[in-house]
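Analysis of the macromolecular model
Below are the chains, spelled out letter by letter.
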Amino acid sequence: MSLHLSWVDSANLARSDFPLNNLPCGVFSHGPEDPRCGMAIGDFVLDLTALEEEGLLTLTGGPYLDVPFWNEVMEAGPDIWADLRAQVTAHLAKGAPTRAAIEPHLLPLGAVTLHLPFLVSEYTDFYSGKHHAMNVGTMMRGAENALPPNWLHIPIGYNGRASSVVVSGTPVRRPWGQVKGPDHAVPAFQPSRRFDIELELGAVVGQGSTLGRPVTVEEADAMIFGFVLLNDWSARDIQGWEYQPLGPFQAKATATTISPWIVMTAALEAHRTSTPEREKPLLPYLHEPRPMLFDIELEVALAPMGQPETVIARTNYKEMYYSAAQQLAHHTTSGCAMNVGDLLGSGTISGPQKGNRGSLMELSWGGKEPFEVAGGTRSFIEDNDTLTLRGYARGDGFKIGFGACVGQVIPALADPYARKK
Ligand code: MN
């Protein structure tokens, strides 16, 4: 696919995350004004709430953009999603006759604050990266038993917390929790010493399903409005003590950071790719009828306070063993209803090589092999480190970018139970 040229010159530059082909959905505020909906274009955000108010965007059944979240657009359905993209594309295309009316509604990205782009209904996190599952399993149980027996048959996951999903830029405080080392007889309550990231993609569910009615993989694919970068912060020492037999709980509940822009599935269509070859046949309900994974290049950078960042991992979303559509379809097999605004984490995305590992635990092999960053070495995150995820699908001379997903880890509270008198 070729670049669609815009009269917003910065959108046509190869460095831009936001060419006209992208048009990702966000929520922004400017100074003291209330947050509103916008789409990123080049170095700007286009105020769609204003466009709809002024009649420059007319969507059947609207208004949808008079609220500071994208859930109402999502609920309106795929025809409205397509119509919205078509209208905004026409307004921003090179030579658009409406340019004079649209241009006053562009704000420089540097002048706005970005907020969570949608109300997160619920958050489920999967474990669908085979390289990650192999690495973690090998550390925990040895190479022979690395993959759990269900892994090649089910996209396994756990129900996480929507309440701690935060937008990029939100500081993340190192959590306290219950931990027990192998040499200790009893657990202790202390700040996590093995705080980590997980590089993931988040699928944003834009259409709900009915309680009691499972959806097919094909239906699931059409329900996904778009994707965000997702950092599933993880306290490995808390996880190691608490996770059996019901899976992670407080280890994963501190925070989940997402990038501020939802890249619509429509913007990624040209980048579809199939899941890797099956090692064991899947049950029919999980068959992928056509390519449902996406070729999205990903990286993680770590910057200690006062130091430049070091890219510590590079990988690709196409490494996943299960697509988001397969995960979503599996999620409904029980009859569980999915809601507009559900967020599905892919699972940590690691690749086959050491430099492709999407968590510090894998990169440092459980702390046994510290790696170098500017100004020091790391096994796990240290206080005041900033972690940045980036991702983009590569077009011919342009990219469909996600913007950055950033979080700085700030020191644990001195006493989490201290109360002001
Ligand atoms: Mn995860």
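Scope of this entry: the structure provided in the associated data block. For every chain, the first residue of its written sequence is number 1, and the numbers climb from 1 along that sequence. Local features in this predicted model are restricted to residues of pLDDT 70 or higher, and side-chain atom pairs are both shown and tallied only at a pLDDT of 80 or more, whereas totals for entire chains, interfaces and linings draw on every residue. To obtain the side-chain values, all non-hydrogen atoms of the structure were used and water was disregarded.

Further remarks concern the pairing of strand β25 (residues 386-394). Two strands pair under a simple rule: DSSP has to find at least two bridges between them. Strands are runs of DSSP state E lasting at least 2 residues, helices are runs of H or I lasting at least 4, and numbering of each runs from the N terminus. Looking at chain direction, strand β20 (residues 297-303) and β25 are connected through seven bridges and run antiparallel. In the sheet register, Glu299 faces β25, and the bridge partner there is Arg390. For β25 and strand β27 (residues 405-410), the ladder comprises four bridges, and the chain directions are antiparallel. Note on β27: the bridge partner recorded for Thr386 is Gln408. Sheet analysis places β25 next to strand β26 (residues 399-401), joined by three bridges and oriented antiparallel. For Ala393, the partnering residue across the bridge sits in β26 and is Ile400. Following β25, the chain reverses through four residues before pairing antiparallel with β26; Gly397 in that reversal takes a positive phi of roughly 85 degrees.

Turning our eyes to something else, we now look at unusual backbone geometry. In this structure, the amide linkage connecting Gly62 to the following residue, Pro63, adopts the cis form with an omega of 10 degrees. Take Pro63: it is sitting in the loop between α1 (48-53) and α2 (71-76). In the segment running from Gln244 into Pro245, the intervening peptide bond is cis, with an omega of 5 degrees. You will see that Leu23, though not glycine, has its phi angle at about 50 degrees, which is positive. Counting through the fold element by element, Leu23 comes out in the segment before β1 (25-29). One non-glycine residue, Trp365, lies in the positive phi region at around 45 degrees. With respect to the secondary-structure elements, Trp365 resides in the loop between α10 (360-363) and β23 (371-373).

Bringing the coordination of the manganese ion into the picture now. Tetrahedral coordination by four donors sets the ideal angle at the metal to 109.5 degrees; octahedral coordination by six donors sets it to 90 or 180 degrees. Only nitrogen, oxygen and sulfur atoms qualify as donors, and only when within 2.8 Å of the metal (3.2 Å in the case of Na, K and Ca); with water excluded, sites may look incomplete. Coordination of the manganese ion by the protein comes from Asp125 (OD), Glu198 (OE), Glu200 (OE) and Asp232 (OD), over a distance range of 2.0 to 2.2 Å. Coordination of the manganese ion draws on donor residues from a single chain, spaced D-x72-E-x1-E-x31-D in sequence. Residue Asp125 is located in strand β6 (residues 123-126), and its partner Asp232 is located in strand β14 (residues 224-232); the two are separated by 107 residues in the primary sequence. Its relative accessible area of 2% is what places Asp125 among the buried residues. Only protein chains enter the calculation, and the probe is 1.4 Å; a residue is then buried if its accessible area is under 20% of its type maximum, exposed if over 50%, and partly exposed in between.

Taken by themselves, the reported measurements are silent on function.
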